[in-house]
Amino acid sequence: MIRNATAVWNGSGKEGNGHLTTQSTVLNQTQYSFSSRFENGVGTNPEELVAAAHAGCFTMKLSFVLGAAGFTPDTLETRCEITFENGAVTKSHLILKAKVPGISKVQLDACVKDAEENCPISKLLNTAISSEVTLL
């Protein structure tokens, strides 16, 4: 399977702007710029997209790990915080709120660790990955 996205950039790094389009067109000429990346401008940025990818991938992997352990989650909600410093992604922190009937915190923590280490985006990232878990 191959997935794709296209980036188009016009102009210089600081004054220019661009747009991103994904194969599915969920992003369709979505704006990004210096302002949306390094300030508070309107549009997306690569780090925000990495955060979305990591949160989504980890959460889906966790659902599979929980299923293999005999649990079906009611709800898994993950926030991913990507730290971007000195021109590099230095950390990805996953913050999970989980409602999983019948699971203990120890069991959930073990499943989270498995998903954290084995989701495809975690394997892709060359950075520190951490997590915190709240069992609802």
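Above this note sits the structure.
No experiment lies behind these values; they were computed from the predicted model shown.

A. Molecular detail of the layout of surface pockets. For the largest pocket, the calculated volume is near 390 Å³. In this structure, the largest pocket is lined by 14 residues; those nearest its centre are Arg-3, Asn-4, Ala-5, Thr-22 and Gln-23. The set of elements that each furnish at least two residues to the lining of the largest pocket consists of β1 (5–10) and β2 (17–22). Among the residues making up the lining of the largest pocket, the classes are represented as seven nonpolar, six polar and one charged.

B. Focus on the packing of aromatic side chains. Inspection of the entire model under this criterion finds three aromatic pairs. Residues Phe-38 and Phe-84 carry aromatic rings whose centres are separated by 6.0 Å and whose planes lie at 40 degrees to one another, so their mutual orientation is tilted. A residue pair is termed long-range when its members are at least 10 positions apart, and Phe-38 in helix α1 (residues 34–38) and Phe-84 in strand β4 (residues 75–85) qualify at 46 residues. On the accessibility criterion, Phe-84 (28% relative accessible area) is partly exposed. Connected via pairs of aromatic rings, a cluster forms that spans Phe-34, Phe-38 and Phe-84.

C. The sheet that holds strand β5 (residues 88–99), seen in detail. With mixed pairing, the three strands of this open sheet are ordered in space as β4-β5-β6. Each edge of the sheet is formed by a strand with only one pairing partner; in this case those strands are β4 and β6 (128–135). Neighbour-to-neighbour, the strand axes of this sheet turn through a mean angle of 15 degrees, independent of strand direction. Where β4 meets β5, eleven bridges bridge the pair, whose relative direction is antiparallel. Bridged to Glu-85 within β5 is Ala-88.

About the criteria used
- Residues numbered from 1 in each chain as written.
- Predicted model: local features only at pLDDT ≥ 70, side-chain atom pairs only at ≥ 80, totals over all residues.
- Heavy atoms only, no water.
- 1 Å grid on protein atoms, 1.4 Å probe; cavity = no way out; pocket = protein on both sides within 12 Å on 5 of 7 lines; lining within 4 Å.
- Points joined across faces, edges and corners; volume = space filled by probe spheres on them.
- Helix = DSSP H or I, 4+ residues; strand = E, 2+ residues; numbered from the N terminus.
- Nonpolar A, V, L, I, M, F, W, Y, C, P; charged D, E, K, R; others polar.
- Phe/Tyr/Trp six-rings, centres within 6.5 Å; stacked < 30°, edge-to-face > 60°.
- Buried < 20%, exposed > 50% of the residue type's maximum accessible area, 1.4 Å probe, protein only.
- Pairing = 2+ DSSP bridges.
- Axes fitted to C-alpha atoms, helices over the stretch in contact; angles between N-to-C directions.

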